[in-house]
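Listed below are the residues making up each chain.
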Amino acid sequence: MACTIIVGGFFGDEGKGKIVAHIANTDRPAIISRGGVGPNAGHTVNIGEKSYGVRMVPSGFVYPDAELCIGSGVLVDPRVFLKEVDLLGVKGRIFVDRRCGIIEEEHIQRDRGSEHLSKKIGSTGTGCGPANADRVMRISRQAKDVPELQEYITDVPLEINDALIGGESVILEGTQGFGISLYYGTYPFVTSKDTSASQIAADNGVGPTNIDDVIVVFKAFPTRVGEGPFATEMPAQKSHDLGIEEFGTVTHRPRRIGQWDGDMARYSAMVNGCTQAAITGIDRIDSACAGATSYDQLTETARTFLDKAEEDIGAPVTLISTGPDITHIIDLRDIV
Ligand code: IMP
Ligand code: MG
């Protein structure tokens, strides 16, 4: 049995989706289940010519043999969920915990209409903050109360723990990043929930003793969308000169870009209980590494960066992403 949590180590958008997809393809999990806040998360999925911003379905959906779940801690917007299920053709293998909190249209209006949330904090405007507030006030609907969700309802903790007892593998997918955790991030410029590995376990009803691995994903050049402190932020001109530009999947806002932050990486690895780290965007450290699939193909510049990062993190870097394609990855997990 192996239960692996995958979380973001910086401010989100570290490339967790690709790491989840790669691990799923190699480890063949029975279940991929999502934790995290809700549809404020976004990952871009390219299918043929088209590009989709997926917000509710776990990014592991690209691995066709796993059952997909949304854990009880997560907020579900039924409109977004049903649209994505349709678009991605995952009906029949996707399930929602009956206790998930529901985002109503009114939550979205409150999020967007609030000067504090939409302007000062720079929220994604997806209703997550107000929906979590109502959940804490115990006036929310739950997934089981929504007629359109009936055919998707399950007990996610039972599904996952049964699979683990049966000797199967499970991936618990986090969303957002450590730096925007309600508890550990740059409060008040944070999302409406903790985003660390313990939260992702709790979101899915898996006890801490049943977690085998926590893979924290870091980005060689961290990014941040929305407001808030960003210690290593670069001037926009500098990232432009480096040829790095990124836009948010949900909000399409330009992402702020920074240098590697060793102190943040160490602290994040500590709180997350990191057992292994993944680093994405090594091709931005040295373009000669683009598409590399083995460690021998990495340049001296890239290796020096990785050695320093590993020292900062305090855990082995076992996955190195070298480009956007799913095959652009170096997997060192066997030799750990
Ligand atoms: P909210 O989660 O929509 O309330 O937004 C609060 C802050 O978290 C804003 O700065 C958002 O840009 C940021 N945020 C929320 N979800 C994500 C995510 O999935 N990736 C990156 N930033 C996020
Ligand atoms: Mg994202």
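Residues numbered from 1 in each chain as written. Chains lettered and ligands numbered in written order. Predicted model: local features only at pLDDT ≥ 70, side-chain atom pairs only at ≥ 80, totals over all residues. Heavy atoms only, no water.

(A) The pairing of strand 7 (residues 94-97), seen in detail. With three bridges connecting them, strand 5 (residues 67-70) and strand 7 associate as parallel partners. Across the sheet, the residue bridging to Leu-68 is Ile-94, located in strand 7. As judged from the two bridges shared by strand 7 and strand 9 (residues 153-154), these two strands associate in the parallel manner. Looking across to strand 9, one finds that Asp-97 is bridged to Thr-154. (Pairing = 2+ DSSP bridges. Helix = DSSP H or I, 4+ residues; strand = E, 2+ residues; numbered from the N terminus.)

(B) Seen up close, the layout of surface pockets. The volume enclosed by the second largest pocket comes to roughly 240 Å³. Ala-236, Ser-239, Pro-254, Arg-255 and Arg-256 are, among the 15 residues lining the second largest pocket, the residues nearest its centre. Sorting the residues of the lining of the second largest pocket by element identifies helix 8 (236-241) and strand 13 (256-257) as the ones contributing at least two each. In terms of residue count, helix 8 provides more of the lining of the second largest pocket than any other element does, three residues in total. Residues of the lining of the second largest pocket, tallied by class, amount to seven nonpolar, three polar and five charged. (1 Å grid on protein atoms, 1.4 Å probe; cavity = no way out; pocket = protein on both sides within 12 Å on 5 of 7 lines; lining within 4 Å. Points joined across faces, edges and corners; volume = space filled by probe spheres on them. Nonpolar A, V, L, I, M, F, W, Y, C, P; charged D, E, K, R; others polar.)

(C) Spatial organisation of the coordination of the magnesium ion (ligand 2). The magnesium ion (ligand 2) binds to the protein through Asp-13 (OD) and Gly-42 (O), with metal-donor distances spanning 1.9 to 2.1 Å. Residue Asp-13 is found in the loop between strand 1 (2-8) and helix 1 (16-27), and its partner Gly-42 is found in the loop between strand 2 (31-34) and strand 3 (43-47); the two are separated by 29 residues along the sequence. (Donors = N, O, S within 2.8 Å, 3.2 Å for Na, K, Ca; no water.)

(D) Geometry of the packing of helix 9 (residues 262-272) against helix 11 (residues 300-313). Between helix 9 and helix 11, whose axes approach to 7 Å, the crossing angle comes to 45 degrees. Here helix 9 is positioned oblique relative to helix 11, judged by the angle of their axes. Residues Gly-262, Ala-265, Arg-266 and Ala-269 of helix 9 pack against Glu-311, Asp-312 and Ile-313 of helix 11. Of the residues contributing to the contact of helix 9 with helix 11, the split by class is three nonpolar, one polar and three charged. (Axes fitted to C-alpha atoms, helices over the stretch in contact; angles between N-to-C directions. Parallel < 35°, antiparallel > 145°, perpendicular 65-115°, else oblique. Contact = heavy atoms within 4.5 Å.)

(E) Expanded view of a nonpolar patch on the surface. A cluster of nonpolar residues, Leu-182, Tyr-183, Tyr-184 and Tyr-187, forms a patch on the protein surface that exposes about 480 Å² of accessible area. Structurally, the position occupied by Leu-182 is in the loop between strand 10 (169-173) and helix 7 (197-204). Taking relative accessible area as the criterion, Leu-182 reaches 31% and is therefore assigned partly exposed. (Patch = residues over 30% accessible without salt bridge, like charges linked within 9 Å, V, L, I, M, F, W, Y side chains within 5 Å. Areas by Shrake-Rupley, 256 points an atom, 1.4 Å probe, with all protein chains shown as cover. Salt bridge = Lys/Arg side-chain N within 4 Å of Asp/Glu carboxyl O. Buried < 20%, exposed > 50% of the residue type's maximum accessible area, 1.4 Å probe, protein only.)

(F) Looking closely at the packing of aromatic side chains. Under the counting rule described, the total for this entry stands at nine aromatic pairs. Ring geometry for Phe-178 and Tyr-184: centres 6.0 Å apart, planes at 5 degrees, overall stacked. Accessibility expressed as a relative area gives 3% for Phe-178, which makes it buried. An angle of 65 degrees between the planes, with centres 5.9 Å apart, marks the rings of Phe-218 and Trp-260 as edge-to-face. Of the two residues, Phe-218 sits in strand 11 (residues 213-219) while Trp-260 sits in the loop between strand 13 and helix 9, which places them 42 residues apart along the sequence. Of the residues examined, Phe-218 reaches a relative accessible area of 0% and is grouped as buried. A residue is classified by how much of its surface remains accessible, and Trp-260, at 13% relative accessible area, is buried. Three or more aromatic residues link up through ring pairs in this structure, and these residues are Phe-10, Phe-218, Trp-260 and Phe-305. (Phe/Tyr/Trp six-rings, centres within 6.5 Å; stacked < 30°, edge-to-face > 60°.)

(G) Region of the structure containing the side chain of Ser-196. Within the secondary structure layout, Ser-196 lies in the loop between strand 10 and helix 7. A polar side-chain atom of Ser-196 sits 2.8 Å from a polar atom in the side chain of Asp-194. (Polar contact = N/O pair within 3.5 Å; in protein donor to acceptor, adjacent residues only side chain to side chain.)

(H) Structural detail: the sheet that holds strand 2. Pairing is mixed across the open sheet formed by ten strands, whose spatial order is 9-7-5-2-10-1-11-14-15-16. Each edge of the open sheet carries a strand with a single partner, namely strand 9 and strand 16 (329-331). In terms of strand pairing, strand 14 (residues 276-280) meets strand 15 (residues 317-321) through three bridges, oriented parallel. Within strand 15, the position partnered with Ile-279 by the bridge is Ile-320. On the sheet, helix 7 packs against strand 1, strand 2, strand 10 and strand 11 and is oriented at approximately 125 degrees with respect to strand 1.

(I) The arrangement of the pattern of salt bridges in detail. Throughout the structure, instances matching the rule amount to 21 salt bridges. As a salt-bridge pair, Asp-134 and Arg-110 come within 3.1 Å of each other at their nearest N and O atoms. Of this pair, Asp-134 sits in helix 5 (residues 128-136) while Arg-110 sits in helix 3 (residues 105-113); the two residues are 24 residues apart in sequence, bridging distant segments of the chain. Judged by its relative accessible area of 10%, Asp-134 falls in the buried class. Linked through salt bridges whose partners overlap, the residues forming this network are Asp-13, Lys-219, Glu-246, Arg-255 and Arg-284.

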